[in-house]
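Structural overview for review
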Amino acid sequence: MDERNLTLLMDFYELTMGNGYFMNGLKDREAVFDAYFRVLPDKGGFAIMAGLEQVIAYMEDLHFTEGDIAYLRSRKLFDEAFLDYLANFEFACDVWAIPEGTPVFPGEPLVTVRGPVIQAQMLETMTLLLLNHQCLIATKANRIVRAAQGRAVMEFGSRRAQGADAANYGARAAYIAGVVGSANTLTDRTMGIPALGTMAHSWVQLFGSEYEAFKAYAEVYPQDCTLLVDTYDVLQSGVPNAIRVFDECVVPRGYRPKGVRIDSGDIAYLSKRVRQMLDDAGYKDCAVVASGGLDEYIIRDLFQQGAKLDSFGVGERLITAKSDPVFGGVYKMVAVADDEGNLQPRIKISENIDKITTPGFKCPWRLFDRDSGKAIADVISLADEQISEDEPFTLFDPKAIWKRKVVNNFRAERLQVPIFEKGKLVYQRPDVDDIRQYCAEKMDTLWEEVTRFENPHKYYVDFTYDLWQLREDMLMRHRV
């Protein structure tokens, strides 16, 4: 997006700890960290992985400028040898991640980092910042797209986003999740996300009459004429003037009108009246577009009320995920190498069960039913474990181990793929259209019961027995 150096966009403790590791002779000690989230937004059944492209870009560009080093030196906290290490920084971590567009669930590692502890630790803030934001917006956008029942959804929220990056990357996340485009022109130029939009109320207000405003617009854009009909009165003036302009300025030039947009009022009622007026005038192919304060619940209610709508522009409630605006991802150490280089698991224990970490270097899997192609459950294993497809596999809830299910005739797929090996990028980054298609395909693997808005079926993320036993042993070992 730009040439800013964001290396210092990190929690200060990442640097003070890094200096401490360095001074204690631990700069090359290998550690493993997992980035994951604990709670699904909007009490939904799943989330959408997004933001990996930007995480990769950050890791590729990690470097400390002369100005960065001068600033850190001015704090009088850091050893000169540590500052020299930062000045000559070379990224050397291994990184695995779940590809963007994948439906994901609480507790499973979205990104795993293995490498020198100083380096792996300093990735925490930006990795979480980028994943938390885009996963949140992609998840919200997907809910809205599904509520639209196949109608197009446009992202209209740039002006209400919390800053330029939120507008740009929010549009990207929404596109991955299924919106058809964005009002944000910059994302078209830089990411290939279609820029969409027609007119604002100010266009209509500028002219002496609504008819003149519509006529002027149609004469400039007869091939792509969508008119905003609610500036004054939708039924008494907006739609009649639109029809008149379609008759006089669009059709005679060999085009068909694209649509009319309603941005306020009782949209369910108005859309039905507008649809009838357009049909009676011979414009059954003219779309009725709704915008203005929409989200998945309002869109769902509109259809329940018989609204006649063909597409939607959704703004602030999408770009800010207004109903549940915090994703809550965390980045936790799960293993550390001993003096011989062998990884030893680490655990964080809390009185809050959900905050107890899952120790060890791990791998998330997804099991698919071979007959239906649907996802059965996810399983987290230790990194060196394999899940055999040739024998029955017993799923069990790690929080309630008596809940068990034996599955047969399944396909097991590792969810994470290699991203960096010893600091070198090995991942072929897909473009945003490929990610969007991949997301749609993966959504088809979820049962409808998991995707419903109200009280979705719980999709289980289980452990292998070896991982569960490791966690139980460590919990018992660390009991006071």
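Per an unreviewed UniProt entry, the chain goes by Nicotinate phosphoribosyltransferase and derives from Peptococcus niger. Per its UniProt entry, the chain bears the Pathway (unreviewed entry) comment "Cofactor biosynthesis; NAD(+) biosynthesis; nicotinate D-ribonucleotide from nicotinate: step 1/1." If you open the UniProt record of the chain and go to Function (unreviewed entry), you find "Catalyzes the first step in the biosynthesis of NAD from nicotinic acid, the ATP-dependent synthesis of beta-nicotinate D-ribonucleotide from nicotinate and 5-phospho-D-ribose 1-phosphate."

Here we come to the environment of glycine 51. Its location among the elements puts glycine 51 in the loop between β2 (47-48) and α2 (52-60). Owing to a relative accessible area of 0%, glycine 51 belongs among the buried residues under this scheme. In the structure, glycine 51 is positioned 108 residues away from arginine 159 in sequence and 21 Å away in space, judged by C-alpha atoms. If we ignore the near neighbours within four places in the chain, the residues touching glycine 51 are Glu100, Leu130, Leu131, Gln134 and Arg172.

The subject of this paragraph is unusual backbone geometry. Even without a glycine there, the phi angle at glutamine 149 is positive, about 55°. Here glutamine 149 is to be found in the loop between α6 (124-147) and β6 (152-155).

Before going further, it helps to spend a moment on the packing of helix α7 (residues 164-176) against helix α15 (residues 432-443). Two elements in contact, α7 and α15, have axes whose closest approach is 8 Å; the angle formed by their N-to-C orientations is 45°. One finds that α7 runs oblique with respect to α15. Here Arg172, Tyr175 and Ile176 of α7 lie close against α15, whose contacting residues are Val432, Asp433, Ile435, Arg436 and Cys439. Looking at the contact of α7 with α15, its residues break down into five nonpolar, no polar and three charged.

What follows deals with helix α17 (residues 465-477). In this model α17 runs 18 Å from its N-terminal to its C-terminal C-alpha over 13 residues, within 8% of the 18 Å that 1.5 Å per residue would give. Along α17, the positions that sit buried rather than exposed are Leu467, Trp468, Leu470, Arg471, Met474 and Leu475. Down the axis, α17 shows its buried residues gathered within 160° of arc, on one side only. Among the exposed residues of α17, those oriented more than 90 degrees off its buried face are Met476 and Arg477.

Another point: the pattern of salt bridges. On inspection of all chains with the given rule, the structure shows 31 salt bridges. Aspartate 94 is paired through a salt bridge with lysine 422; the nearest N and O atoms lie 3.9 Å apart. Of this pair, aspartate 94 sits in strand β3 (residues 94-97) while lysine 422 sits in the loop between β19 (417-421) and β20 (424-425); the two residues are 328 residues apart in sequence, bridging distant segments of the chain. In this structure, aspartate 285 and arginine 256 form a salt bridge, with 2.9 Å as the shortest nitrogen-oxygen distance. Of this pair, aspartate 285 sits in the loop between α12 (267-280) and β10 (287-291) while arginine 256 sits in the loop between α11 (234-250) and β9 (259-262), and the two are 29 residues apart along the sequence. A relative accessible area of 43% places aspartate 285 in the partly exposed class. Under the relative-accessibility criterion, arginine 256 is labelled partly exposed at 37%.

This part takes up the domain arrangement of the chain. For the chain, the domain assignment lists domain 1 (12-138 + 325-478) and domain 2 (190-320). One C-alpha centre belongs to domain 1, the other to domain 2; they are set 44 Å apart. Here domain 1 packs against domain 2, burying approximately 660 Å² in sum over the two surfaces, 56% of which is carbon and sulfur. Looking at the side of domain 1 facing domain 2, the largest losses of area belong to Ile137, Val432 and Phe453, adding up to 59% of the total buried there. With its nearest N and O atoms 3.6 Å apart, the salt bridge here joins glutamate 454 to arginine 300. For the pair domain 1 and domain 2, the interface holds zero residue pairs in polar contact (both at pLDDT 80 or more). Class assignment for the residues of the side of domain 1 that touches domain 2 results in four nonpolar, no polar and three charged.

Next up on the list: the packing of helix α1 (residues 12-23) against helix α4 (residues 80-87). For the pair α1 and α4, interaxial distance at closest approach is 9 Å and the crossing angle is 110°. Judged by the angle between their axes, α1 and α4 are roughly perpendicular. Taken as a pair, α1 and α4 cross one another with a handedness that is right-handed. Facing α1, whose interface residues are Leu15, Gly18, Asn19 and Phe22, α4 presents Ala81, Phe82, Tyr85 and Leu86. Per-class residue counts for the contact of α1 with α4 are six nonpolar, two polar and no charged.

So, about the packing of aromatic side chains. Overall, the coordinates contain 21 aromatic pairs when judged by the stated rule. Taken together, a centroid distance of 6.0 Å and an interplanar angle of 35° make the contact between phenylalanine 78 and phenylalanine 82 tilted. Overall, phenylalanine 78 belongs to the buried group, its relative accessible area being 11%. Its relative accessible area of 1% is what places phenylalanine 82 among the buried residues. Geometrically, the ring pair formed by tyrosine 85 and phenylalanine 89 is edge-to-face, given 6.3 Å between the ring centres and 80° between the ring planes. There is no split in this pair, since tyrosine 85 and phenylalanine 89 are both buried. Directly above the aromatic system of phenylalanine 396 lies the positively charged group of arginine 404, at a separation of 5.2 Å from the ring centroid.

Here is what the cut-offs are and how they apply
Residues numbered from 1 in each chain as written. Predicted model: local features only at pLDDT ≥ 70, side-chain atom pairs only at ≥ 80, totals over all residues. Heavy atoms only, no water. UniProt positions renumbered as here; feature names shortened; annotations may be inferred. Helix = DSSP H or I, 4+ residues; strand = E, 2+ residues; numbered from the N terminus. Buried < 20%, exposed > 50% of the residue type's maximum accessible area, 1.4 Å probe, protein only. Contact = heavy atoms within 4.5 Å. Axes fitted to C-alpha atoms, helices over the stretch in contact; angles between N-to-C directions. Parallel < 35°, antiparallel > 145°, perpendicular 65-115°, else oblique. Nonpolar A, V, L, I, M, F, W, Y, C, P; charged D, E, K, R; others polar. Expected span 1.5 Å × (residues − 1). Arc of directions from axis to C-beta. Salt bridge = Lys/Arg side-chain N within 4 Å of Asp/Glu carboxyl O. Domains from an automatic or database assignment. Buried area = accessible area lost by both parts, 1.4 Å probe. Polar contact = N/O pair within 3.5 Å; in protein donor to acceptor, adjacent residues only side chain to side chain. Left-handed = near helix turned anticlockwise from the far one by under 90°. Phe/Tyr/Trp six-rings, centres within 6.5 Å; stacked < 30°, edge-to-face > 60°. Lys NZ or Arg CZ within 6 Å of the ring centre and 35° of its normal.

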